[in-house]
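Analysis of the macromolecular model
Okay, here's what each chain looks like letter by letter:
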Amino acid sequence: MSDATTIRVGDDYDVVIGRDLLSEVGGLLGDGVERVLVVHSAALSGFAESVADSLLRQGYAASLAAVPDAEAAKTAGVASRLWAQLGQAGFTRSDAIVGVGGGAVTDLAGFVAATWLRGVRVVHVPTTLLGMVDAAVGGKTGINTSEGKNLVGAFHAPAGVLCDLDVLATLPHADLVAGLAEVIKAGFIADPEILELVEADPVGARRADNRHLRELVERAVRVKADVVSADLKEASLREILNYGHTFGHAIEQVEHFSWRHGEAVSVGMVYVAELARLSGHADDGLVARHRDVLTSVGLPTTYRGDRWEDLLTAMRRDKKSRGSTLRFVVLDGLARPNRLVGPSDDLLRGAYTLVAGG
Ligand SMILES: NC(=O)c1ccc[n+]([C@@H]2O[C@H](COP(=O)([O-])OP(=O)(O)OC[C@H]3O[C@@H](n4cnc5c(N)ncnc54)[C@H](O)[C@@H]3O)[C@@H](O)[C@H]2O)c1
Ligand SMILES: O=C(O)C(=O)C[C@@H](O)[C@H](O)[C@H](O)COP(=O)(O)O
Ligand SMILES: [Zn+2]
């Protein structure tokens, strides 16, 4: 761990970023743990076995739980199977769960940890860029229901997060690019230096061997750590991390999760940038910068599904809504997040027309 960077989140836990770290998970579990359940996607058992082997060598009773890949992991049925496994293995409050995988797996593992015995420790080992910079950090856990994305969940901070950049070597290119959406989001809401790094070398940004990868990960994690340290339960400030997500989650829902989360958030950021411009918050230059930087790394900026009514229904279920009033995080300028409350139907549809390409 000598070359690793440690970012503290509140007074609670560390996010460790570096290389060759998979055998270090035990060090993040804390005292008194005997049993560990390593939850991982069935499609990705190699990393999970490395983690479990290192835990066994350190004397933990580690076992593996394979779950379906990607969004198929985030269901009540899968959570229920894990609860059964924990019950049969006699998991107590001094035992722990380790989530190894992308954001879908860590959201599920975190949710099961939050609910088992009303809360046991969880350590996350994110294996996607998106997981490292966003999903594994901050304690939002959850599963989907047929009505929408992340509608059931809990805030449950992890005991630690281990980001081993080496694992990104096997990540499919499209998933790496999808992770850049949340990196770029952190740039727009709080750290413009991120945007400058991506804009200076967008081709490099799309590669797992990007020489700026570690700096991008560290900067995005710092943005997230600062926000959730101040507002874990999303009373107000934390909403800024939801930039682009109202429309993004609606696309995911309407398209039955055939879009990657990062791809949908990319279009969602352009949608909300247009909404900000139409409502007098953002200027033309800021909207153009969204399209330019997202396009430059290969992310989508249009949605051509012609599903406005379905999208609107899905947006109304957004957690930032209050009663029948939709609320959006908008930018008044670069790194100047604000809220747009109750935009008119004309405004909502006007922004949709602009991301639908005409
Ligand atoms: N809790 C939060 O704060 C938060 C934040 C952002 C996103 N999310 C959630 O995260 C999820 C998206 O996460 P994601 O983008 O990581 O996608 P994902 O978890 O669906 O993983 C994408 C794909 O990459 C594969 N994969 C993962 N790591 C790999 C590796 N190293 N090598 C090869 N293949 C690998 C997975 O098997 C999967 O097929 C969504 O459900 C989203 O809602 C949560
Ligand atoms: O951590 C947060 O807060 C976020 O909003 C980060 C988002 O990138 C993430 O996708 C989150 O899961 C969305 O949460 P939700 O509350 O809109 O379900
Ligand atoms: Zn997100």
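What comes next concerns the included structure. (Residues numbered from 1 in each chain as written. Chains lettered and ligands numbered in written order. Predicted model: local features only at pLDDT ≥ 70, side-chain atom pairs only at ≥ 80, totals over all residues.)

1. Section: the pairing of strand S11 (residues 336–341)
- Bridge count for strand S10 (residues 327–333) against S11 is six bridges, and the pairing is antiparallel. In the sheet register, Gly333 faces S11, and the bridge partner there is Arg336.
- Hairpin geometry of S10 and S11 is characterised by an intervening segment of two residues between the two adjacent antiparallel strands and by a positive phi of about 60° at Ala335. (Pairing = 2+ DSSP bridges. Helix = DSSP H or I, 4+ residues; strand = E, 2+ residues; numbered from the N terminus.)

2. Observations concerning the site of ligand 1
- Lining the immediate surroundings of ligand 1 are 34 residues, of which Ala70, Gly102, Gly103, Ala104 and Thr128 lie closest.
- For the shell around ligand 1, the elements supplying multiple residues, two or more each, are helix H3 (103–115), helix H4 (129–135), helix H5 (173–189) and helix H10 (261–278).
- Counted by class, the shell around ligand 1 contains 12 nonpolar, 13 polar and nine charged residues.
- Here the shell around ligand 1 spans two domains, since at least three of its residues come from each of domain 1 (5–170) and domain 2 (173–355). (Near = placed C-beta within 6 Å. Nonpolar A, V, L, I, M, F, W, Y, C, P; charged D, E, K, R; others polar. Domains from an automatic or database assignment.)

3. Description of the site of ligand 2
- Neighbouring residues of ligand 2: Asp134, Gly138, Lys140, Asn150, Glu182, Glu234, Arg238, Leu241, Asn242, His245 and Lys319.
- In the shell around ligand 2, the residues fall into one nonpolar, four polar and six charged.
- When residues of the shell around ligand 2 are sorted by domain, at least three fall in each of domain 1 (5–170) and domain 2 (173–355).

4. Structural notes on the environment of His245
- Take His245: it is sitting in helix H9 (residues 245–254).
- A count of 26 C-beta atoms within 10 Å places His245 in the buried class.
- Note: C-alpha distance between His245 and Met315 (70 residues apart in sequence) is 9.2 Å.
- Residues contacting His245, with those up to four places away along its chain left out, are Val265 and Gly268. (Buried ≥ 20, exposed ≤ 12 C-beta atoms within 10 Å, placed from the backbone. Contact = placed C-beta atoms within 7 Å.)

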